[in-house]
Every structure is written in structure tokens, then in C-alpha cells.
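Listed here are the chains, written in short residue letters.
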Amino acid sequence: MDNLRGALLMVAAMAGFAIEDMFIKLTADALPVGQIIAMLGLGGGIIFAVVLRAQGKALWSPDMANLPILLRGIGEITGTLGFVTAIALTPISSASAILQATPLAVTLGAALFLREPVGWRRWSAIAVGFAGVLLIIRPGLEGFDARSLFAVLGVVGLALRDLATRRVLPGTSSMQLSFLAFVVLVPAGILLMIFAATPAVLPDGLQAIYLAGAVTIGVFAYYGIVAAMRVGEVSFVTPFRYSRMLFALIVGIVVFAESPDRLTLLGAAIIVASGIYTVWRERKHGRRTAASLSKPAPAG
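Thresholds, definitions, all that
Residues numbered from 1 in each chain as written. Predicted model: local features only at pLDDT ≥ 70, side-chain atom pairs only at ≥ 80, totals over all residues. Heavy atoms only, no water. Helix = DSSP H or I, 4+ residues; strand = E, 2+ residues; numbered from the N terminus. Rg over C-alpha atoms; globule rule 2.2 N^0.38 Å. Contact = heavy atoms within 4.5 Å. Areas by Shrake-Rupley, 256 points an atom, 1.4 Å probe, with all protein chains shown as cover. Buried < 20%, exposed > 50% of the residue type's maximum accessible area, 1.4 Å probe, protein only. Patch = residues over 30% accessible without salt bridge, like charges linked within 9 Å, V, L, I, M, F, W, Y side chains within 5 Å. Salt bridge = Lys/Arg side-chain N within 4 Å of Asp/Glu carboxyl O. Core = buried A, V, L, I, M, F, W, Y, C linked by side-chain atoms within 4.5 Å. Expected span 1.5 Å × (residues − 1).

A. Quick look at the overall build of the chain. When helices and strands are counted, the chain shows 13 helices and zero strands. The N-to-C order of helical and strand elements in the chain reads α-α-α-α-α-α-α-α-α-α-α-α-α. Here the C-alpha radius of gyration of the chain, 20 Å, is about what a compact globule of 300 residues would show, namely 19 Å. Seen through its C-alpha atoms, the chain measures out along the principal axes to roughly 75 × 55 × 40 Å. Excluding contacts between residues fewer than 6 apart, the proportion of contacts in the chain whose partners are at least 24 apart in sequence is 87%. In the form shown here, the chain has an accessible surface area of approximately 15100 Å², with 71% of it arising from carbon and sulfur atoms.

Here is the structure:
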């Protein structure tokens with residue numbers, strides 16, 4: 001029963017993120033990307049700051065000044081910049097499809113940089129998943145859109161963020177990490193506006209509602225993920241992250257009148273299937289490792 005509740009929470013969170021992406025895209029025609037990022041960071045940072053203070057916890061402590069926190073911030077900035085730009089400039093369905101490769105990139109990074117063991121089956125799944133990304137991007141072919149590379153940049157950044165999180169000291173709470181993740185977006189967005197020479201635009205009433213909706217729903221979606229991971233088994237709940245792809249397709253078709261072609265849908269299906277298979281293999285490997293560790297040592 002707990003696993004079912006966890007799965008439902010994860011699906012609800014993914015629906016929330018798809019709606020957040022919708023609001024971001026609806027504002028992207030009128031507001032600069034840097035301003036959207038800065039305002040999302042400011043709104044989310046305020047919400048998490050209020051929650052932290054209500055819990056009696058500090059927003060910052062000196063022991064948080066370390067390399068994993070720095071790398072996590074860089075990954076958060078890179079990932080958000082890449083994905084928000086991709087949402088603004090490309091179909092939301094294709095950008096979301098490419099984003100589904102993030103868990104595969106995390107597994108790849110864990111093997112290369114954290115020396116985590118990855119067998120040939122998961123290496124194969126990673127290769128197949130990235131082939132799915134190539135089907136969506138289509139470099140060198142007629143359908144290639146260079147702007148889709150922003151979504152790839154988002155995958156790289158978010159993978160760096162997740163990998164760095166694994167090395168964050170236990171004393172730093174998830175709420176503090178979330179607060180920092182939003183706060184660093186404020187200067188990043190402002191710097192992007194300066195370098196891109198895009199002056200700030202005063203949002204009208206509807207745009208302000210879209211931005212408020214993006215921040216609020218994004219925060220609730222984050223809570224949904226945390227709750228899902230706490231209620232159910234991580235290995236059972238994690239595959240339901242890929243339901244975001246379904247919601248993104250619905251939003252793209254219904255709200256933005258997108259028509260994903262067959263190669264995009266095929267690429268998305270390959271990425272999702274590869275990701276689910278990787279999660280399944282990790283779960284199986286974890287169980288096998290636990291079983292071997294629980295065996296009594298031979299006598300003598």
C-alpha cells in the first residue's frame with residue numbers, strides 16, 4: 001500500500017512539473033529567459049526561506065561552504081538555464097523527452113567519476129537511451145534544430161547537480177539544499193540578462209499569474225517527490241518519474257498545438273524504456289549485493 005501511495009505522489013509531482021513547464025513557456029514569449037529564471041529563483045527561495053525559519057533552521061551555515069555544494073549550485077544553474085531556454089525556444093514535448101535522459105546521464109557520471117560499478121547491461125541501456133536522444137535531435141539531418149541542444153545542456157547540468165548531491169555532507173538538510181538551489185538562480189538570471197542585453201520587462205497581470213503558478217506548483221511538485229521517496233521504496237517509485245513525459249505530451253498537444261513526429265515519439269519511448277530498465281537493473285543489483293553481504297562467513 002505504501003508503494004502505491006508513493007507512486008501516486010510521484011505521478012502527481014510529475015504532473016505538477018509539466019504544469020510548471022507550461023506556465024514557463026506561456027511567459028517566455030513576453031519575458032526574457034534570464035528574467036524568468038531570476039524570478040523563479042526569487043519566488044522559490046522566499047518560500048523555502050520561510051519554511052526553514054518556521055522550522056527553526058538556519059538558511060546557511062559555514063560547513064556548507066564546500067566543493068559538493070559549489071558543484072551542485074553550478075549544476076543547478078546550468079540545468080535550469082538549459083532547460084528553461086529549451087522550453088522557451090523548442091516544443092515542450094521534445095524538450096521534456098530529452099530531459100528524461102537525465103537519470104541515464106547520472107548513472108554514466110556515477111560510473112565515470114564516482115567509480116560506482118555498472119555492468120554491461122546498464123552500459124548498453126545508457127547507449128540505447130542516448131541513441132533515443134539523437135533520434136529527437138537528429139544532428140546533421142534536415143530536421144535538426146540547434147536550439148534543442150539547450151535541452152542537452154539541461155541534462156548535463158541536472159546530472160551534475162544530482163551527482164554532487166550524493167557527496168553533500170549529511171548535516172545539510174534537503175530544505176537547505178532546495179533553498180540554495182533557488183537562490184543561486186537569481187544572480188544567474190540577472191547575469192544572463194546582462195550578457196544577452198535583454199532588459200527586464202514588467203509582467204502584466206496574466207504573466208504575473210503564470211509566474212506565481214510556476215513557482216507555487218513547482219514547490220508543491222518538489223514536496224511530492226520528497227514525500228513519494230519517503231512513503232514508498234525508492235526503486236519502486238523512481239520509474240514513475242517518467243510519467244512526466246506523458247503529461248508533457250498532453251500539455252504540448254492541448255495547450256500549444258504541438259504535433260510530435262514519429263521519430264520524436266520513438267526517441268522518447270526509447271529513452272523512457274532505457275531509463276526504466278536501468279532502474280530495474282540497479283534494484284536487482286542492489287538486492288544481489290545485499291544478499292551476498294548477509295551470507296554468513298564460512299567457518300574455519
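B. Region of interest: the environment of Asp145. Tracing the sequence through the fold places Asp145 in the loop between helix 6 (120-137) and helix 7 (149-165). The exposure class of Asp145 is partly exposed, given its relative accessible area of 25%. Placed 108 residues apart in sequence, Asp145 and Ile253 show a C-alpha to C-alpha distance of 19 Å.

C. Main features of a nonpolar patch on the surface. A contiguous nonpolar surface patch, about 420 Å² in accessible area, is contributed by Leu67, Leu70, Leu71, Ile74 and Leu160. Here the nonpolar patch takes four residues from helix 3 (residues 67-89), the largest share from any one element.

D. How the structure looks around unusual backbone geometry. Located in the positive-phi region is Arg138, a residue other than glycine, with phi close to 60°. Looking at Arg138, the relative accessible area reads 12%, which means it is buried. Positioned with a positive phi, Ala197 is a non-glycine residue whose angle comes to about 55°. Looking at the element boundaries, Ala197 is found in the loop between helix 9 (185-195) and helix 10 (205-231). Of the residues examined, Ala197 reaches a relative accessible area of 63% and is grouped as exposed.

E. Quick peek at the pattern of salt bridges. Evaluation of the coordinates by the stated rule reveals eight salt bridges. Residue Arg5 pairs with Asp2 through a salt bridge whose shortest N-O separation is 3.1 Å. With Arg5 and Asp2 both in helix 1 (residues 2-28), this residue pair falls three residues apart, about one helical turn. Of the residues examined, Asp2 reaches a relative accessible area of 41% and is grouped as partly exposed. A salt bridge links Asp162 to Arg161; the nearest nitrogen and oxygen atoms lie 3.0 Å apart. Each of the salt bridges in this network shares a partner with another, and the network as a whole consists of Arg72, Glu76, Arg161 and Asp162.

F. Local environment of the nonpolar core. Counting residues in each nonpolar core, the largest one holds 46 residues, and the members touching the most others are Ile24, Ile36, Leu40, Val84, Ile98, Val133 and Met245. With residues up to four places along the chain from it excluded, the contact list for Leu40 reads Ile24, Phe182, Leu211, Ala214 and Val215. Of all hydrophobic cores here, the second largest spans 12 residues; its members include Phe48, Ile69, Met175 and Val219.

G. Fine view of the environment of Leu153. For Leu153, the position within the fold is in helix 7. On the accessibility criterion, Leu153 (32% relative accessible area) is partly exposed. Sequence separation of Leu153 and Leu191 is 38 residues, and the distance between their C-alpha atoms is 18 Å. Once residues lying within four places of it in the same chain are set aside, the contact partners of Leu153 are Thr78, Gly79 and Gly82.

H. Focus on helix 2 (residues 33-54). The terminal C-alpha atoms of helix 2 lie 32 Å apart, and with 22 residues this matches the ideal 32 Å at 1.5 Å per residue to within 8%. At the C-terminal side of helix 2, Gly56 shows a positive phi close to 75°.

I. View of the environment of Leu104. The residue Leu104 is located in helix 5 (residues 102-113) in this model. With 18 residues separating them in the primary sequence, Leu104 and Arg122 have C-alpha atoms 9.0 Å apart.

J. Seen up close, the side chain of Glu258. Within the secondary structure layout, Glu258 lies in the loop between helix 12 (243-254) and helix 13 (262-294). When neighbours within four sequence positions are excluded, Glu258 is seen to be in contact with Lys25, Pro91, Ile92, Ser93, Gly252 and Ile253.

Remember that the coordinates give geometry; whether it matters functionally is a separate question.
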